[in-house]
Each structure stands twice: as structure tokens, then as C-alpha cells.
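Survey of secondary and tertiary structure
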Amino acid sequence: MTTAVLTPPQRKTRLDTLAVSLLIACCAFWGFQQILIKFAGREIAPLWQASMRMWGATALLWLWCRWRGVALFERDGSLRGGLLVGTLFAAEFVFIYLGLQYTNASRLTVFLYTSPFWVALLVPRFVRAEALRRTQWIGLCLAFMAVAVAFGEALLRPGMPGQWIGDAMGLAAGLFWGLTTVAIRTTRIATVSAEKCLFYQLGVTAVAAPLLSLALGETWSLDYSALAWGAVFLQTAVGAFASYLAWMWMLRHYPATQLSTFTFLTPLFALVFGVLLLGEPLTLQLVLALAGVALGIVLVSRR
């Protein structure tokens, strides 16, 4: 087996058809993923669930790299940046899994997807070519306001006891997701393969999550229903492996600010899945939000 020769990625200045297609597919699954985490959480302790997911995804990625001949352990000066990216990624998912114990998936998702603001604010400070113009800032704000409209009704309802804790954790997860994207674009990690970038993130989380799980006294078990195992499998194979590998590849080839704005589709997909799977009503707010997000994406994607 030969080792793939790593060449600097050819970056593009705007999203093309391939990027848009991958983004829509990823956002659709990520919207469904929050439901999977919440569903499996009825039987599986949160950080133990995250541990199994990350262990499985790390193993799948290692097998993928063996098959493709992608080097993961060669010295290339990326270790420091990789550990930073991995730590930020781990923090994001710790807050997601713990936060879903206090609040519902819809509320946490809207706070999680504040991450594009951190990307838009911080990336241009390091990569001037990605600075947003006035029209793009308007699009970014419009997209976020559209998401707020979609969730506005739910946000005004009386919540569960301690729901503010989950909301705060969702906001923290969004911050760490944004910082992860910034670190990927501004450290040596930007020059490594997408597989190695993801390996740092999954590997660090696979170590950190079980340690935190033990520290919190969570119960470890493998005796769960088939539906719970199915939810964990989808989170692992599609979520933590396939979709994140595609996301890492796109971050190396396309502008991070434009990619991050597309993620506003995810909470809206979550609402759609709620309508289809949970029988929630399709409201005028949702229709207006979908239109607002679409217009916001068009504005931000313009160069």
C-alpha cells in the first residue's frame, strides 16, 4: 500500500454545485441528528452515548485511511494545531450531549447554530480574503433572524425546569463549533488532509468523553433496545464519520464564511423533521423562515 502524497488544497472563492449539494445533504442529516441523540438519550447516558459514537467513528475513519493510503501519524508539524482543534471539537459535543438533558432539541439547535457569527467575526481577522462585505453581513443577519422567527414561538413558551442550563450549553456548543472552524482555517491543520483533520477531532473526543463520563458517574452498559442502537449507529457512521469528513474536505477547499452560513439550514431541517416525524404543525413562521434563510444564503454567497 502506498502513502498518498499530500499537496496543498486548491481553494475556491465561491461555492459550486458540488459544495452546495454536499452542504444540503449534511445539513439535512444534522437536523435529524439532534432527534437521534435525544431519542437514544432516553436509554443511554449522554457522555457514554458520545463515547460510543466517537469510538466507532474513529475506527471507521482509521479503516478508511488504511484503504485510501492516507497517512495519519507522520510528522508534519500539525500536532499542536490538531490537539487544539480536537479539544474545541470535544468541548462542543460535550455541551451538546449534556445540554439535551435539560432542553429540547429544537431549542438547543437554535443556540448551537450561532456558530457562523463567530466564524464571520474571527476568520477575516486572519484570512483577509474572506472578509464579508456589507451585503453579505446583511445576508448573515437575515438568515439568523429567519431561524429566530422559526423558533420564536417555542422560545416564548414556559420551559422545563432548568431549561436555561440546556440553552446556555447550546450557546457554548455554538461558540466552540465556531472556534473549531476558525482553528482549522488559521493553523497548520489547514494544510493536512481532511481525514487527518477529522482524526484529530474524533480521537481527542474519544479520549475525553469517556473520562468525563466516568467523572460524572454515568452508568455504562451495552443492554439497549434495537432502536437505541440504530440511533447510535446512524450518529456514528453517517454523522461523525461521513458527514464530518465531507465537512472537513469542504473547509479545506471553500470559503469558511460561506460554508458556515449554509448551516442555518440545519435547524430548519430539524423543524421539518419535527413536522413529518412528530406531527408538529407546519406554521406560517416556518414558511417565512425557510424563505428568509434561502435569501440570506443567496446574499452571503455573492462575491
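Let us look at the structure shown here. (Residues numbered from 1 in each chain as written. Predicted model: local features only at pLDDT ≥ 70, side-chain atom pairs only at ≥ 80, totals over all residues. Heavy atoms only, no water.)

**Details of the overall build of the protein chain**
Secondary structure summary: the protein chain contains 12 helices and zero strands in total. Counting helices and strands in the order they occur from the N terminus, the protein chain gives α-α-α-α-α-α-α-α-α-α-α-α. Looking at the protein chain as a whole, 52% of its 303 residues are labelled buried. Surface accessibility of the protein chain: about 14100 Å² in total, with carbon and sulfur atoms responsible for 69%. (Helix = DSSP H or I, 4+ residues; strand = E, 2+ residues; numbered from the N terminus. Buried < 20%, exposed > 50% of the residue type's maximum accessible area, 1.4 Å probe, protein only. Areas by Shrake-Rupley, 256 points an atom, 1.4 Å probe, with all protein chains shown as cover.)

**Focus on the side chain of glutamine 235**
Tracing the sequence through the fold places glutamine 235 in helix 9 (residues 226-253). Of the polar contacts made by the side chain of glutamine 235, one reaches the side chain of glutamine 49; its length is 2.8 Å. Setting aside its immediate chain neighbours within four residues, glutamine 235 contacts Phe29, Gln33, Leu36, Ile37, Ala40, Gln49, Arg53, Tyr97 and Ala240. (Polar contact = N/O pair within 3.5 Å; in protein donor to acceptor, adjacent residues only side chain to side chain. Contact = heavy atoms within 4.5 Å.)

**Remarks on the pattern of salt bridges**
If the charged atoms of two oppositely charged side chains come close together, the side chains can form a pair. Throughout the structure, instances matching the rule amount to one salt bridge. Note that lysine 196 is salt-bridged to aspartate 76, the shortest N-O span being 2.8 Å. You can see lysine 196 sitting in helix 8 (residues 194-215) and its partner aspartate 76 sitting in the loop between helix 2 (46-68) and helix 3 (79-99), a full 120 residues away along the chain. By the burial criterion, lysine 196 is buried, and aspartate 76 matches it. (Salt bridge = Lys/Arg side-chain N within 4 Å of Asp/Glu carboxyl O.)

**Some points on the packing of helix 3 against helix 8**
For the pair helix 3 and helix 8, interaxial distance at closest approach is 8 Å and the crossing angle is 50°. With respect to helix 8, the axis of helix 3 lies oblique. In this structure, the crossing between helix 3 and helix 8 has a hand that is right-handed. Where helix 3 abuts helix 8, its residues Leu79, Gly82, Leu83, Val85, Gly86, Thr87, Phe89, Ala90 and Val94 lie against Tyr200, Gln201, Leu202, Val204, Thr205, Ala208 and Leu212. For the contact of helix 3 with helix 8, the per-class residue count stands at 11 nonpolar, five polar and no charged. (Axes fitted to C-alpha atoms, helices over the stretch in contact; angles between N-to-C directions. Parallel < 35°, antiparallel > 145°, perpendicular 65-115°, else oblique. Left-handed = near helix turned anticlockwise from the far one by under 90°. Nonpolar A, V, L, I, M, F, W, Y, C, P; charged D, E, K, R; others polar.)

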